[in-house]
Amino acid sequence: MAKAWEATLRKTQAVAKKRAHSIFGSMSIAHVNDDFDDDNSASHQHEDRSHHANENEASQVEKFLPNGDYYTGHWFENCPHGHGKYLWIDGCMYLGEWFRGQAIGKGRFSWPSGATYDGEFKSGYMDGKGTYTGPQGEMYKGFWVMNMKHGQGVVSYDNGDVYDGEWRHGLQEGRGKYLWSNGNYYTGEWKNGLISGVGTMVWTNGNRYEGNWEDGIPRGDGIFRWPDGSYYEGSWSTDPKEQIGTYHASGSTDDKVNWDAEAVFGEILRSVQICPGEKITVFPSQKKLAAWRSSNAADPRIRPGRMSVDSRMHLLDTEGSFSSDGSTRNSTGGRDVELEGLNLEQLNPRMSPGRPLRIPRVGKKPGEIITKGHKNYELMLNLQLGIRHAVGRQAANTSLELKSSAFDPKEKFWTKFPPEGSKYTPPHNSNEFKWKDYCPLVFRALRKLFKVDAADYMLSICGNEALRELSSPGKSGSFFYLSSDDRYMIKTMKKQEVKVLLRMLSAYYNHVRAFENTLVTKFFGLHCVKLTGPIQKKVRFIIMGNLFCTEHTIHRRFDLKGSSLGRTTDKPEEEMDASVILKDLDLNFIFRLQKSWFQEFCRQVDRDCEFLENERIMDYSMLVGIHFREASKAGDLIPSGAHTPIGGDEHENDGAPRLSRADMDQLLIDPAWWASIRLGTNMPARVDRALRRTDGESQIMEPTGEFYDVVMFFGIIDILQDYDISKKLEHAYKSMQYDPTIISAVDPKLYSKRFRDFIFKIFAEDV
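What comes next concerns the included structure. (Residues numbered from 1 in each chain as written. Predicted model: local features only at pLDDT ≥ 70, side-chain atom pairs only at ≥ 80, totals over all residues. Heavy atoms only, no water.)

Let's shift gears to the overall build of the protein chain. A tally of regular secondary structure across the protein chain gives 13 helices and 38 strands. Burial analysis of the protein chain (767 residues in total) assigns 50% to the buried set. Contacts in the protein chain between residues far apart in sequence, at least 24 positions, make up 53% of those at least 6 positions apart. Element-wise, carbon and sulfur atoms account for 51% of the exposed surface of the protein chain, whose accessible area totals about 36,100 Å². (Helix = DSSP H or I, 4+ residues; strand = E, 2+ residues; numbered from the N terminus. Buried < 20%, exposed > 50% of the residue type's maximum accessible area, 1.4 Å probe, protein only. Contact = heavy atoms within 4.5 Å. Areas by Shrake-Rupley, 256 points an atom, 1.4 Å probe, with all protein chains shown as cover.)

Our focus in this paragraph is helix 9 (residues 595-614). The periodicity of an α-helix, 3.6 residues per turn, causes residues three or four places apart in sequence to face the same way. Taking 1.5 Å of rise per residue, 20 residues should cover 28 Å, and helix 9 covers 29 Å from first to last C-alpha, within 8% of that figure. When we look at burial in helix 9, the residues that qualify are Trp597, Phe598, Glu600, Phe601, Cys602, Gln604, Val605, Asp608, Cys609, Phe611 and Leu612. With its phi angle positive at about 60°, Arg616 sits one or two positions after the end of helix 9. (Expected span 1.5 Å × (residues − 1).)

What follows deals with the nonpolar core. Counting residues in hydrophobic clusters, the biggest one holds 107 residues, and the most contacted among them are Phe591, Phe601, Phe714 and Phe763. The element best represented in this core is helix 8 (residues 495-514), accounting for nine residues. Among all residues touching Phe763, those that are not within four sequence positions of it are Phe591, Leu593, Phe598, Phe601, Val624, Met712 and Phe714. One finds Tyr71, Trp75, Trp88 and Ile280 within the second-largest nonpolar core, a separate group that totals 45 residues. (Core = buried A, V, L, I, M, F, W, Y, C linked by side-chain atoms within 4.5 Å.)

Attention now moves to the pattern of salt bridges. Pairing is possible between side chains of opposite charge, provided their charged atoms come close. What the rule picks out here adds up to 21 salt bridges. Across the pair Asp118 and Arg108 runs a salt bridge, and its minimum N-O distance is 2.7 Å. In this pair, Asp118 sits in strand 6 (residues 116-122) while Arg108 sits in strand 5 (residues 102-110), placing the two residues ten residues apart along the sequence. With a closest N to O distance of 3.0 Å, Lys561 and Asp619 form a salt bridge. Residue Lys561 is located in the loop between strand 32 (556-560) and strand 33 (581-582), and its partner Asp619 is located in the loop between helix 9 and strand 35 (621-628); the two are separated by 58 residues in the primary sequence. Each member of the pair, Lys561 together with Asp619, is buried. Within the structure, one salt-bridge network assembled from shared partners comprises Arg208, Glu210 and Arg225. (Salt bridge = Lys/Arg side-chain N within 4 Å of Asp/Glu carboxyl O.)

Looking now at the packing of aromatic side chains. For the coordinates displayed, the defined rule picks out 43 aromatic pairs. Taken together, a centroid distance of 6.1 Å and an interplanar angle of 90° make the contact between Tyr71 and Trp98 edge-to-face. Taken as a pair, Tyr71 in strand 2 (residues 70-76) and Trp98 in strand 4 (residues 93-99) lie far apart in primary sequence, 27 residues in all. As far as burial versus exposure is concerned, Tyr71 and Trp98 are alike and both buried. Relative to Phe433, the ring of Phe417 lies with its centre 4.7 Å away and its plane at 10°, an arrangement referred to as stacked. Note that Phe417 is positioned in strand 25 (residues 412-417) and Phe433 in strand 26 (residues 433-438), a separation of 16 residues in sequence. Neither Phe417 nor Phe433 differs from the other in exposure class; each is buried. The ring of Tyr185 has Lys177 lying over it, and the distance from NZ or CZ to the ring centre is 4.7 Å. (Phe/Tyr/Trp six-rings, centres within 6.5 Å; stacked < 30°, edge-to-face > 60°. Lys NZ or Arg CZ within 6 Å of the ring centre and 35° of its normal.)

Two numbers describe how helix 6 (residues 440-449) lies on helix 8: the axes approach to 11 Å, and their chain directions differ by 25°. Relative to helix 8, the element helix 6 lies roughly parallel. Crossing angle aside, the handedness with which helix 6 passes helix 8 is left-handed. Contacts between helix 6 and helix 8 involve Val442, Phe443, Ala445, Leu446 and Leu449 from the first element and Leu501, Leu505, Tyr508, Tyr509, Val512 and Arg513 from the second. (Axes fitted to C-alpha atoms, helices over the stretch in contact; angles between N-to-C directions. Parallel < 35°, antiparallel > 145°, perpendicular 65-115°, else oblique. Left-handed = near helix turned anticlockwise from the far one by under 90°.)

Our next topic: helix 8. When the terminal C-alpha atoms of helix 8 are compared, their 28 Å separation across 20 residues agrees well with the 28 Å that a helix rising 1.5 Å per residue should span. Taking the largest bend as the criterion, helix 8 deviates by roughly 55°, centred on Leu505. Structurally, helix 8 contributes buried residues whose contacts are with strand 26, helix 6, strand 29 (488-493), strand 30 (523-531), strand 31 (538-545) and helix 9. (Bend = angle between axes of the 7 residues up to and from the residue.)

Along the chain, Phe450 turns up in the loop between helix 6 and helix 7 (454-462). Overall, the relative accessible area of 16% leaves Phe450 in the buried class. Distance in space between the C-alpha atoms of Phe450 and Lys522 is 8.0 Å, their sequence separation being 72 residues. In this structure Phe450 touches Tyr508, Val512, Lys522, Phe523 and Phe524, once residues within four positions along its chain are discounted.

Right, let's talk about the sheet that holds strand 24 (residues 368-369) for a bit. Across the sheet, which stays open at both edges, the eight strands sit in the order 24-27-28-29-31-30-26-25 with antiparallel pairing between neighbours. If you trace the sheet from one side to the other, it starts and ends with strand 24 and strand 25, each paired once. Its contacts with the sheet place helix 5 (residues 377-392) against strand 25, strand 26, strand 28 (480-482), strand 29, strand 30 and strand 31, and it is angled at close to 50° to strand 26. Sitting on the sheet, helix 7 is in contact with strand 29, strand 30 and strand 31, with an inclination near 65° to strand 29. (Pairing = 2+ DSSP bridges.)

On to the side chain of Thr492. Assignment of secondary structure puts Thr492 in strand 29. Of the polar contacts made by the side chain of Thr492, one reaches the backbone nitrogen of Phe479; its length is 2.8 Å. Excluding residues that lie within four positions of it along the chain, Thr492 makes contacts with Ser478, Phe479, Tyr481, Glu497, Val539, Arg540 and Phe541. (Polar contact = N/O pair within 3.5 Å; in protein donor to acceptor, adjacent residues only side chain to side chain.)

Helix 9 packs onto helix 8 with a crossing angle of 165° between their chain directions and a minimal axis gap of 11 Å. It follows that helix 8 is roughly antiparallel to helix 9 by the angle criterion. Along this stretch, helix 8 crosses helix 9, giving a crossing that reads as right-handed. Of the residues in helix 9, those in contact with Met504, Ala507, Tyr508 and His511 of helix 8 are Gln604, Arg607, Asp608 and Phe611.

The next thing to look at is the pairing of strand 31. By the criterion of burial, strand 31 is predominantly enclosed, with six of the eight residues buried. Where strand 29 and strand 31 come together, six bridges link them in antiparallel fashion. If you follow Met489 over to strand 31, its bridge partner there is Met544. In terms of strand pairing, strand 30 meets strand 31 through seven bridges, oriented antiparallel. Across the sheet, the residue bridging to Phe523 is Met544, located in strand 31.

Residues Lys412, Lys495, Lys499 and Lys538 make up a contiguous surface patch of positive charge. The topology assignment puts Lys495 in helix 8. (Patch = residues over 30% accessible without salt bridge, like charges linked within 9 Å, V, L, I, M, F, W, Y side chains within 5 Å. Lys, Arg positive; Asp, Glu negative; His and termini not counted. Charge placed at Lys NZ, Arg CZ, Asp CG, Glu CD.)

Turning next to the side chain of Lys491. Tracing the chain through its elements places Lys491 in strand 29. Polar contacts involving the side chain of Lys491 include one to the side chain of Glu497, which spans 3.5 Å. Apart from the residues lying within four places of it in its own chain, the contact partners of Lys491 are Ser478, Phe479, Phe480, Glu497, Arg540, Phe541, Ile542, Met544 and Asp718.

Turning to the environment of Arg567, a few remarks are in order. Here Arg567 shows up in the loop between strand 32 and strand 33. For Arg567, a relative accessible area of 7% translates into the label buried. Note: C-alpha distance between Arg567 and Asp586 (19 residues apart in sequence) is 7.9 Å. Residues in contact with Arg567, not counting those within four places in the same chain, are Asp559, Leu560, Lys561, Lys583, Asp584, Leu585 and Asp586.

In terms of burial, strand 29 is largely enclosed, as six of its six residues are buried. Neither face of strand 29 is exposed, since Tyr488, Ile490 and Thr492 on one face and Met489, Lys491 and Met493 on the opposite face are all buried. Sheet analysis places strand 28 next to strand 29, joined by three bridges and oriented antiparallel. By the bridge assignment for strand 29, Tyr481 is matched with Ile490.

That is the geometry; function is a separate question.
Here's what the structure looks like:
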């Protein structure tokens, strides 16, 4: 069996040698197959000298690898380091700069199809400034982030069209100009690869359209002009009934008396077809590097592993497990094979500073299902009946342009729900109750703004599945309920909180409309249920988005304010699972975002804090959730660039779904996944493990350089606490006992500054 396997390897090497000579020319070869020949100790010693002649300097090597790949270039500590070429057996090739086995710096990647990328790389990804030339002649020249066009860039399509403008996650977004091969051009705003926003379309015949666009078509106010000076001004839509406007004739003889608005609309639609562009199916970061061994006694049972260009190792079908010194041991405990090119501190988290990090225990789905017999069962039925009534009733087409009267706190409507039903309400099995809608037009517009479909909204909250009540109320005394699909959270409110929201509703609406990347909580509805009978109890509640609605397991949760008094979790570590919310003094990470995301994050935090400060809001916090992408079967987290050790206790599995590196590679070529990424939602990032030390009265976070790949979720929550008399009294009382700068209850201006200072210390750019 062993001899047959070695023979197969030699055949593969012969093919690789022939291919390499045809591509790179004849050179002096140090054969990798010598590593697998027990009888050729002289050749093995020659190879060993090639690897280890000088451990402090990179040496020039040429290697034919067991799987048929080929490498020539600088070599240091058992991996490419410096300048070199790597040729994969499928014909892909990278030529450029390497750093400890990763493509980092300037380089050129070529595909068998003839496509090429020349530019900057970061951790194996096309990242920075670079030029991609496709096999059909399409060319993009501009900026990249993690294999995606992102930033300023120019594309020359193979059909002759040209786009020059801004990109985001591989799609046109921002301002840009699109020039068609026939000479027509559009200049203006884009979103998700389509013309959206305000822009101007100009035809070669002199016609032009100036106005609003949505998803690639004119929608809203706009003006269509003809070369003779005549123009049509009005509202544009795919529905002819909504096309309302006025035609203005020119001073000269008008030959368009009977012009057809629908025909003009059709002309615009035919003219704005955007070339889809070429798709890259395999990215450089997905290409694996072969792993090789330099042991005298190779074990034929062990096949070579593979490591990606961003230094990920994948071991295949190995028997045994890793020992603490980084070797692989077989079932008898003998040390047969050593894996070179692996950093032991990455391999074993226990060798890093501090205690090893482990995947937190994942409990069952949070909350208690509200079934018949639950004390709040009738309240849940009333809530669901009221939402069906409020959201489901017919309404005119909702406009985002609202009159000031829509925000009036007196704009509220009571509806009675008798058990037998009425002209406007259905019969039900609950007791009679009254339902109140606050500012219904505003919240209907907010749902439209946040792209919430009315049918999906009702199905999530009012479907056959019951709501779940979270185990205990927060400090405020409010109760929380989750929809069955986790998309929406329902919170009971105090009367004062309702007053605060209604007071700031107009400013909130304008803020979230102006900044689609806002991090503040998304509100979808404000309601009240008044129970009849002897209690006459009123229950007010707000419906908002659940920040952690995701298929990824949230392994760590942090509620961060920037204050230190009482900001720690009192649960013993052994009792903590993934659902425990940690606080400021429990934080042991620095969150690192990719450059463009970090810049947008800083801008948005400033905008949101300025808005909250102007509304006299304080005591809000940044809620952060992180999903760790890699862990061993034993539950130890794997630092970035390391790999999952094989073997281990097969029964010691945390049972939680995790996003593996292979899964992440697939997601990187999935446009739907990129489309789901927003600031604070589903964001790929890294966390830097930090050690906390005390310097006088201040806490200092010191990064250790131990990084972990994560998916992040974050947002600003609890934004309905104003600096009222109770908070002023709390501030005065606690200031007599503690340093006024470390308590939560402070003036909104000071709170905003302290919050921002803290957030900008624990979030940083990933460099």
